[in-house]
Amino acid sequence: MGKRRRTDANNPLPSRISKFWNQRYTLFSKFDDGIQLNEELWYSVTPEEMAMYLAKFFRHIFPEAKTILDICSGGGGNTIQFARYFPNSKIFGIDNTQANIDCAIVNSAVYNVEDRITYLLRDWENYHLFINELKELIGPVDVAFCSPPWGGPSYLNQEVYDSENIKPLGLERLLESMFQLTENVVLFLPRNTNKTQLSAVTRKLKGPSAKCRVVEAYVNERPKGILCFWGKKFTSYQPKNDSTDEEGY
Ligand code: MGP
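Residues numbered from 1 in each chain as written. Predicted model: local features only at pLDDT ≥ 70, side-chain atom pairs only at ≥ 80, totals over all residues. Heavy atoms only, no water.

What to know about the confidence of the model for the chain
Move 1: Across the chain, the average pLDDT comes to 93, with 94% of residues at 70 or higher.
Move 2: In this model residues 1-5 is a low-confidence stretch, pLDDT under 50, and it forms zero contacts with partners more than four residues away in sequence or in other chains. (pLDDT = per-residue confidence, 0-100. Contact = heavy atoms within 4.5 Å.)

Considerations on the pattern of salt bridges
Move 1: Evaluated as defined, the whole model comprises three salt bridges.
Move 2: With a closest N to O distance of 2.7 Å, Arg16 and Glu39 form a salt bridge. One end of the pair, Arg16, is in the segment before helix 1 (24-27); the other, Glu39, is in helix 2 (residues 39-44), with 23 residues separating them in the sequence.
Move 3: Between Glu133 and Arg122 there is a salt bridge, with the nearest N and O atoms lying 2.7 Å from each other. Here Arg122 lies in the loop between strand 3 (117-121) and helix 6 (127-138) and Glu133 lies in helix 6, a separation of eleven residues in the sequence.
Move 4: Using a relative accessible area of 41% as the deciding quantity, one classes Glu133 as partly exposed. (Salt bridge = Lys/Arg side-chain N within 4 Å of Asp/Glu carboxyl O. Helix = DSSP H or I, 4+ residues; strand = E, 2+ residues; numbered from the N terminus. Buried < 20%, exposed > 50% of the residue type's maximum accessible area, 1.4 Å probe, protein only.)

With respect to the sheet that holds strand 1 (residues 67-71)
Move 1: Judged by pairing direction, the sheet is mixed, and its seven strands sit side by side in the order 3-2-1-4-5-7-6 without closing on themselves. The outermost strands of the open sheet, each flanked by one partner alone, are strand 3 and strand 6 (213-219). With strand direction ignored, the average angle separating the axes of adjacent strands in the sheet is 20°.
Move 2: Across three bridges, the pairing between strand 4 (residues 143-146) and strand 5 (residues 185-189) is parallel. What sits directly across from Phe145, in strand 5, is Val186.
Move 3: Strands strand 1, strand 4, strand 5, strand 6 and strand 7 (222-230) of the sheet are contacted by helix 3 (residues 48-61), whose axis makes an angle of about 25° with strand 7. (Pairing = 2+ DSSP bridges. Axes fitted to C-alpha atoms, helices over the stretch in contact; angles between N-to-C directions.)

Laid out in structure tokens, this is it:
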């Protein structure tokens, strides 16, 4: 008799992304309160614990931040946590797909932060067409974050991921565009990202002694990706090993 695969009869997702159904509460602890995701968002949204860690870390480094921008806000996984941890700041989410923004708005309401976030439909690939208008609209940006599309789940088929494959722009142009807004830039990239390429692009754009801080992100003891930080406050930050550090960083 052949082996039968156990299937979860309540799993509504197509088989190519079905594993994410079991991760639904890791992605959003309030999943049952009306979270909405489309196929792209199921496999690319940032798990809640990680998004919370990042937002708390931003607050730790930039307690006075007034404006945080999330480029490629997707289903709102990161944007929602920025709004939760910076209740008095302006939080902007940009995405090139109305369907993603619709999900993000619904998901923000699940976490009661919909009034604190402005979602904008823009294609960052054409950022040069609207960046001046954006600067006028949102004013100075304290931190710009982007968790961009990595080109789908096949990113793991490559031993070393070429960051020029990230969408909507390759690494160099994406960073260049974000540095036009602020020196404090954070990207979430695949765990197999080419670190040599990361250093080379950093030096090319910011000078021979420029640094990028790379932190491996684990959720439930599984590696999810790397967080890459640019900007002096991020790169010069010294984590404390004693318990005097309020947030435990
Ligand atoms: P994964 O592809 O499921 O990795 O992505 P793996 O190792 O199979 O995971 P496992 O824990 O099931 O073993 C893991 C996480 O990476 C996702 O939950 C997303 O948070 C993030 N991620 C994956 N992709 C394909 C993307 C992407 O294209 N863009 C962004 N920003 N994040 C992604």
